[in-house]
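Close look at the chain arrangement
Residues per chain, in single letters:
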Amino acid sequence: MDLKTAYLGLLMVFLATALALAWLWRQHRKYYQGLYFWPLASVLLGLASVLIFFRQSIPDWASIVLVNLLLFVVPVLVRSGFEAFFARPARLKASLTLVGLATLSQAYFTYVLPSLTIRLHLFGLVFGSLIVQLLLFLSRSVPDSEQQLVRPTRLGLLAILLGLVIRSIDLVLIPVRGNEHLLDRQADTFFVLILMGIWILFANTLMILVSRRLMDEVSLERLKFDLIFHQAGDASTLVRLTDFVISDVNESFEQLSGYSRQALVGALALDFHFWADPVWFAGIQQDLRAGLFISSREAMFRRRSGEIVPVLFSGKVMTIQGDPYVLANIKDISEIFELKSRLEKMATYDALTHLPNRVLFADRFSVASAGALRTGRKFAVAIYDLDDFKQVNDTYGHDVGDLLLVAAADRISRTIRLSDTVARFGGDEFVILITDVQDEMSIPEFLQRIVDVHREPFIIQDLQLNISISIGAAVFPDDANNLNDLLRLADQALFQVKRQGKNDWRLSQCPAAQRLPVPPVQNNQA
């Protein structure tokens, strides 16, 4: 093979590798630094090959000076690519200084003191020095885990150094004649063929290096994901969005659901009916398919045992190997839910008797008044307290007094209807909301029954306590149409009972027995 043919082949190799390395840079430029140096180096080598190939028809400044400059820059670019790829500090100053001086020397020995022999020896010395710098970098600065991958490149660089040495020896043994435009010597042809093979090997090494780095990073991310996924305190699942096949679950999800990982992975999530509300789950599916991120939505989760527990659901769609997956986080908030319920109960229920307090009573009054105005029916508000309760506290102590209040609350709770409400407002004062009054004569009957129930003795710690009650009541809307006024009127009625001897009941304004039944109100609303 003559040297001209070798250069033509070298040109084709450089163009092909430039395209391959450019594709590599385009695919991974967002993730790795320095990839553009390598296709640029291949392009410069291809341009140098073109100039050498047409050396006889172009001026010396292009075929000699520019070609040497391009060839000197190539190992500098290759090393810069490796420095950026492996995140090592760039050290270009000395190399670029050497390239500049060598290029000026080539121009000097081309135009001022023409000498092809000196130019060729100078090229071998400078190019070899740049190759040695690259070789030292690959030997010392590449991580141990990737040393094996760059070993072929190091061997190729050693082969280039060997070729340069052989070429220099050949120039000494067989001096060049005059100022030949294109040498056709076996040593030069051999050097070009070595360079061609090494560059192919180099491009292949870069491909493998980037691919290995990608595989390592994917493996590392997978390891991180598995570590976070499986050691997360909350239940987590990975489900394919297209068919809801379960890809993975963590240990917390096994504990929450009651199913083992072996039973879940590969099965359809829909077959387990985890979500108690199908409408809620349909909305979640719609949002996930729309690409929305779902954060901490309350839901009710069904365990294997059938128990329904409150949870917070979070989920996002991620693409794995081209398929959409839902990474879901499910936080069991049973304790929080229970605490919230307790706090709500503390805010609306009496701590001693567990009866509704003023807040809850007012809320139920609002509901009852709205219903009464809508239907035309009446209801009553009654206030009662335990007669001589202070004497019980003074005689037997507050502990007995508290137990008496609890017993009285339990007795009244078992006496009233489910639609009625009894609340403790404080001390021994209780308030009853008597709803859905069919006629006013039913109110006296109800109040008398309450009084009679409390006439039965209470047994508290082996003590028999005979306690009576006094009740005052007012009717909505006859006496008043708001809670404060009804309570005030009922309290006035209670005061009248106390003045007249206690242990009785009284309606506001006049005795209930003297009231006539209220005619039913015609309700024309649908």
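Thresholds, definitions, all that
Along each chain, residue indices are assigned from 1 in the same order as the chain's sequence is written. Only residues with pLDDT of at least 70 get local features here, since the model is predicted, and only at 80 or more are side-chain atom pairs given and counted; chain-wide, interface and lining totals rely on the full set of residues. No hydrogens and no water enter the side-chain calculation; it runs on all heavy atoms of the structure. Helix numbers and strand numbers start at the N terminus; a helix is a DSSP run of H or I with at least 4 residues, a strand a run of E with at least 2. Partly exposed residues are those whose accessible area sits between 20% and 50% of the maximum for their type, while under 20% is buried and over 50% is exposed, using a 1.4 Å probe and protein chains only. Note on definitions: a residue-residue contact is assigned when non-hydrogen atoms from the two residues lie within 4.5 Å. Using the Shrake-Rupley algorithm and a 1.4 Å probe, accessible areas are obtained, with residue cover drawn only from the displayed protein chains. A pair of strands is treated as paired once DSSP finds two or more bridges between them. Whenever a helix is involved, its axis is fitted only over the stretch in contact; in every case the axis is a line through C-alpha atoms, and angles between N-to-C directions fall within 0 to 180 degrees. pLDDT: the predictor's confidence for each residue, scored from 0 to 100. Patches here: salt-bridge-free residues with over 30% relative accessible area, like charges joined within 9 Å, nonpolar side chains (Val, Leu, Ile, Met, Phe, Trp, Tyr) joined within 5 Å. We count a salt bridge whenever a side-chain nitrogen from Lys or Arg sits within 4 Å of a carboxyl oxygen from Asp or Glu. Residues belong to one nonpolar core when they are buried, are Ala, Val, Leu, Ile, Met, Phe, Trp, Tyr or Cys, and are joined through side-chain atoms within 4.5 Å.

**As for the overall build of the protein chain**
Scanning the protein chain for helices and strands turns up 16 helices and 12 strands. Within the protein chain, the proportion of its 526 residues that are buried is 45%. In the protein chain, of all internal contacts separated by at least 6 residues, the share reaching a separation of at least 24 is 62%. Counting only carbon and sulfur atoms, one obtains 58% of the accessible surface of the protein chain, whose full area is about 27,900 Å².

**Some details on the sheet that holds strand 4 (residues 308–320)**
The strand order across the open sheet built from five strands is 2-1-5-4-3, with neighbouring strands paired in antiparallel fashion. With one partner strand each, in any of the chains shown, strand 2 (246–249) and strand 3 (294–302) form the two edges of the open sheet. Along the sheet, successive strands turn relative to each other by an average axial angle of 30°, direction set aside. Here strand 1 (residues 235–240) pairs with strand 2 via three bridges, running antiparallel.

**Description of the confidence of the model for the protein chain**
Low pLDDT means the predicted coordinates in that region are not meant to be read closely. Mean pLDDT for the protein chain: 86, with 92% of residues reaching 70 or above. Confidence drops under a pLDDT of 50 for residues 179–183, and excluding neighbours within four residues, the segment shows 17 contacts in the predicted structure.

**What about a nonpolar patch on the surface?**
Among the surface-exposed residues, Trp-61, Tyr-108, Tyr-111, Val-112 and Leu-113 lie close enough to one another that they form a single nonpolar patch of about 560 Å² accessible area. Looking at which element gives the most residues to the nonpolar patch, the answer is helix 4 (residues 93–112), with three residues. Here Val-112 lies in helix 4.

**Things to note about the pairing of strand 3**
Pairing between strand 3 and strand 4: seven bridges, direction antiparallel. Note on strand 4: the bridge partner recorded for Arg-297 is Phe-313. Counted along the chain from strand 3 to the antiparallel partner strand 4, the turn is five residues long, and its residue Gly-306 has a positive phi close to 95°.

**Some points on the nonpolar core**
Judged by nonpolar contacts, the single largest core of 58 residues is most densely connected at Trp-38, Val-78, Phe-82 and Trp-199. Of all elements in the fold, only helix 1 (3–28), helix 2 (37–53), helix 3 (60–85), helix 4, helix 5 (116–140), helix 6 (147–173) and helix 7 (186–231) reach the threshold of two or more residues within this core. The residues touching Phe-82, leaving out its near neighbours within four places in the chain, are Trp-38, Leu-134, Phe-137, Leu-138, Phe-202, Leu-206 and Leu-209. Counting 34 residues, the second-largest nonpolar core is a separate cluster that includes Ala-382, Val-392, Leu-405 and Leu-507.

**So, the sheet that holds strand 11 (residues 469–476)**
In space, the five strands of this open sheet follow the order 7-8-6-11-12, with mixed pairing throughout. The sheet is open, and its two borders are formed by strand 7 (421–426) and strand 12 (505–507), each paired with just one other strand. Averaged over all pairs of adjacent strands, the angle between strand axes in this sheet comes to 20°, irrespective of strand direction. In the sheet, strand 11 pairs with strand 12 via three bridges, with the strands oriented parallel. Counterpart to Gly-472 in the pairing with strand 12 is Arg-506.

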